[in-house]
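# Results of the structural survey
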Amino acid sequence: MADTAKLIIGDKTYELPIIESVEGSSAVDIRKLRIETGYVTYDPGSGNTGSCKSSIAFMDGKDGVLRYRGIPIEQLAKKSTFIETAYLLINGELPTPEELKTFSVLLNDHSLVHEGMRHFFDNFPPGSHPMHILSSMVNSLRSFYPEIPERSEEEEINKKVARSLSKVRTLAAMSYKISRGFKVIYPKPELTYAANFLNMMFDSPVKPYVIEPEMVKALNTFWILHADHEQNCSTAAVRLVGSARTNLYTAISAGISALGGPLHGGANQAVIEMLMSIEENGGNLKPYLERAKDRKDPFRLYGFGHSVYKTYDPRAKIMKKICHGILEKFNISDPLLDIAHELEETAKKDPYFIDHNLYPNIDFYSGIVLRAMGIPINMFTVMFAIGRLPGWISQWLESIEDPDWKLHRPRQVYIGSGKRDYIPIRKRNI
Ligand code: ACO
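It should be emphasised that the depicted structure is a prediction, and the values quoted were computed from it without experimental measurement. (Residues numbered from 1 in each chain as written. Predicted model: local features only at pLDDT ≥ 70, side-chain atom pairs only at ≥ 80, totals over all residues. Heavy atoms only, no water.)

## Points about the sheet that holds strand 3 (residues 27-28)
What the three strands build is an open sheet, ordered 1-2-3; its pairing is antiparallel. In this open sheet, the two edge strands, each paired with only one partner strand, are strand 1 (4-9) and strand 3. Pairing between strand 1 and strand 2 (residues 12-19): six bridges, direction antiparallel. Opposite Ile9, over in strand 2, you have Lys12 as the bridge partner. (Pairing = 2+ DSSP bridges. Helix = DSSP H or I, 4+ residues; strand = E, 2+ residues; numbered from the N terminus.)

As structure tokens, this is what we get:
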């Protein structure tokens, strides 16, 4: 492996250092490029740009690999819990039994939200999307839980991390209950993280919720699969906003806003709406496939394609299995699963999808799993957001400790007017 790259511009040659990765793409270090050459690089979407060094997640888009701190997601999905995986992502190592206990107690201690926050919910107009509500609520944590100068930086960060993980889950369940006009259910200390969430969502004073271990396992796996995905759009938003040294809550709130878009986390809602629309239209896939292939039509086959994976998303494979397992266990017959299968099989043989390397991504089957749990459609992306919290937190922590840290400030290639003079209003349009 060479340790420098050569760039020739006109009759000049510039040497650029190479930064070697452990696995995956190494990088050409262009930090001095503009100063030395006057040029910048042009990379819309940043698909060829390494914005940081990271040791949190590794993904290989060609072979469909995803590992958290080196551990394959297949192993974590099978053997771990969401909280243990969160600990791994945030701290770099799997916890000892004692560490896991301390972490769980800390999360439990921070699971309630300030009663004053409930008034917020009352003032959102009916029909507000839960992702918009959640983003605002998370941003407001900064005001309800201000920093205390007497605390050490480490203690302050530990509290912020625990609050983010624990309170966002409580806020999500509260937002559902309040939007329906139902009584808010508080977290219970004897329940695990995932079981507590299901209980807060579905328990009622007149109809106690029965916690099914298989549902809890499925939810743990759902969240593990969403826990981190290196420099995706919402994580990049967390790092970018965090680069201005904003606090963790504000950075996570930015991540939630980015995640809500239909090309990113909002796709899990878009997929189920697409499958429902196909069902309503008699199950005819053809118009949807034709629209997806028409470059003039903004419609896409939601749940298909990925910026990095050019093969089957490894998370989608596991999600498909959970989907089958949960439907079978609870004897649920969902016609949307049949439509999803047919769509996958048809797309698999269609030259457009083959040539564009478009395969199911994590969102393709996840909505059917969430429907089986009883989660309403407009909460789907909120479920993704809870799962992505450990990723956002660990990436934010890594960025604030990074010796190469910089305020994000990309450059541009200006293509507007050259210098021109201001024209007074009376002289315009003459
Ligand atoms: N349906 C139809 N065509 C598609 C799809 C799709 N789902 N995805 C990509 N394409 C086509 C594009 O039209 C484009 O075609 P062209 O080269 O002929 O113009 C080509 O494939 C490349 O598309 P880009 O958007 O440039 O590729 P990118 O890799 O950046 O796209 C993305 C990734 C945004 C996820 C895209 O595949 C997409 O829109 N998918 C549908 C939305 C979705 O499921 N998002 C969830 C992603 S997973 C996640 O965020 C958790």
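## Focus: the sheet that holds strand 6 (residues 71-72)
The strand order 4-5-6 describes an open sheet built from three strands, whose pairing is antiparallel. At either margin of the open sheet sits one strand with a lone partner, and together these are strand 4 (57-60) and strand 6. Sheet analysis places strand 5 (residues 65-68) next to strand 6, joined by two bridges and oriented antiparallel. Note on strand 6: the bridge partner recorded for Arg67 is Pro72.

## What about a nonpolar patch on the surface?
The grouping of Val40, Tyr42, Val413 and Ile415 at the surface amounts to a nonpolar patch, some 480 Å² of accessible area in total. Assignment of secondary structure puts Tyr42 in the loop between helix 1 (33-37) and strand 4. Residue class for Tyr42 comes out exposed when judged on its relative accessible area of 67%. (Patch = residues over 30% accessible without salt bridge, like charges linked within 9 Å, V, L, I, M, F, W, Y side chains within 5 Å. Areas by Shrake-Rupley, 256 points an atom, 1.4 Å probe, with all protein chains shown as cover. Salt bridge = Lys/Arg side-chain N within 4 Å of Asp/Glu carboxyl O. Buried < 20%, exposed > 50% of the residue type's maximum accessible area, 1.4 Å probe, protein only.)

## Some details on the state of the cysteines
The final tally for this structure, using the stated rule, is zero disulfides. Just so you know, Cys233 is unpaired, no disulfide at all, and the nearest cysteine sulfur is the one on Cys52, 15 Å from it. Taking the relative accessible area as the measure of exposure, Cys233 reaches 47% and is therefore partly exposed. (Disulfide = S-S within 2.5 Å.)

## Details of the pairing of strand 5
Here strand 5 shows a buried face lined by Leu66 and Tyr68 and an unburied face lined by Val65 and Arg67. The sheet contact formed by strand 4 and strand 5 spans four bridges and is antiparallel. If you follow Ala57 over to strand 5, its bridge partner there is Tyr68. The hairpin formed by strand 4 and strand 5 contains four residues between the paired strands, and Gly64 there has a positive phi angle of roughly 65°.

## Brief notes about the site of the ligand
As a matter of local geometry, the ligand sits amid 20 residues, with Arg300, Leu301, Gly303, Tyr352 and His356 nearest to it. In the environment of the ligand, an oxygen atom lies 3.0 Å from a nitrogen or oxygen atom belonging to the side chain of His264. Side-chain polar atom of Tyr352 to a nitrogen atom of the ligand: 2.8 Å apart, as the coordinates give it. With the chains in place, 76% of the 920 Å² that the ligand exposes on its own is no longer accessible. Classifying every residue of the shell around the ligand by side-chain character gives nine nonpolar, seven polar and four charged. (Near = heavy atom within 4 Å. Polar contact = N/O pair within 3.5 Å; in protein donor to acceptor, adjacent residues only side chain to side chain. Nonpolar A, V, L, I, M, F, W, Y, C, P; charged D, E, K, R; others polar.)

## Quick look at the packing of helix 10 (residues 233-242) against helix 18 (residues 380-401)
One can describe the packing of helix 10 onto helix 18 by two numbers: an axis separation of 9 Å at closest approach and a directional angle of 35°. Where helix 10 crosses over helix 18, the two elements pack in a sense that is right-handed. Within the contact between the two elements, helix 10 uses Ser234, Thr235, Val238, Arg239 and Gly242 and helix 18 uses Arg388, Trp392, Gln395, Trp396, Glu398 and Ser399. Considered class by class, the residues forming the contact of helix 10 with helix 18 number three nonpolar, five polar and three charged. (Axes fitted to C-alpha atoms, helices over the stretch in contact; angles between N-to-C directions. Left-handed = near helix turned anticlockwise from the far one by under 90°. Contact = heavy atoms within 4.5 Å.)

## As for the environment of Trp396
Within the secondary structure layout, Trp396 lies in helix 18. Note on Trp396: relative accessible area 6%, which makes it buried. Taking C-alpha positions, Trp396 is 41 Å from Pro351, a pair spaced 45 residues apart along the chain. Ignoring anything within four residues of it in the chain, the contact list for Trp396 reads Val238, Gly242, Thr246, Asn247, Leu248 and Ala251.

## Some words on the nonpolar core
Residues Tyr68, Phe197, Trp223, Ile368 and Ile375 are the most contacted members of the largest nonpolar core, which totals 114 residues. Looking at this core element by element, the count peaks at 11 residues for helix 18. Setting aside residues no more than four positions away along its own chain, Trp223 makes contact with Phe82, Tyr193, Ala194, Phe197, Met383, Ile386 and Gly387. (Core = buried A, V, L, I, M, F, W, Y, C linked by side-chain atoms within 4.5 Å.)

## Considerations on the packing of helix 9 (residues 213-226) against helix 17 (residues 363-373)
Packed helix pairs are specified by the crossing angle of their axes together with the interaxial distance, meaning the distance between the axes. Relative orientation of the contacting elements helix 9 and helix 17 amounts to 150°, with a least axis distance of 11 Å. Overall, the two elements helix 9 and helix 17 adopt an arrangement that is roughly antiparallel. As helix 9 runs across helix 17, the sense of the crossing is left-handed. Every residue of helix 17 that contacts helix 9 at Met215, Ala218, Leu219, Phe222 and His226 is listed here: Asp363, Ser366, Leu370, Ala372 and Met373. (Parallel < 35°, antiparallel > 145°, perpendicular 65-115°, else oblique.)

## Brief notes about the pattern of salt bridges
The full count for this structure, using the stated rule, is 20 salt bridges. Among the ionic pairs, Lys53 bridges to Asp404, the shortest N-O distance being 3.3 Å. Residue Lys53 is found in the loop between helix 1 and strand 4, and its partner Asp404 is found in the segment after helix 18; the two are separated by 351 residues along the sequence. For Glu290, the salt bridge identified is with Lys293, shortest N-O distance 3.7 Å. With Glu290 and Lys293 both in helix 13 (residues 286-293), this residue pair falls three residues apart, about one helical turn. For Glu290, a relative accessible area of 42% corresponds to the partly exposed category. The class for Lys293 is partly exposed, based on a relative accessible area of 23%. Salt bridges sharing common partners tie together Asp29, Arg31, Lys53 and Asp404.

Everything listed here is a matter of coordinates, which is why it stays silent on function.
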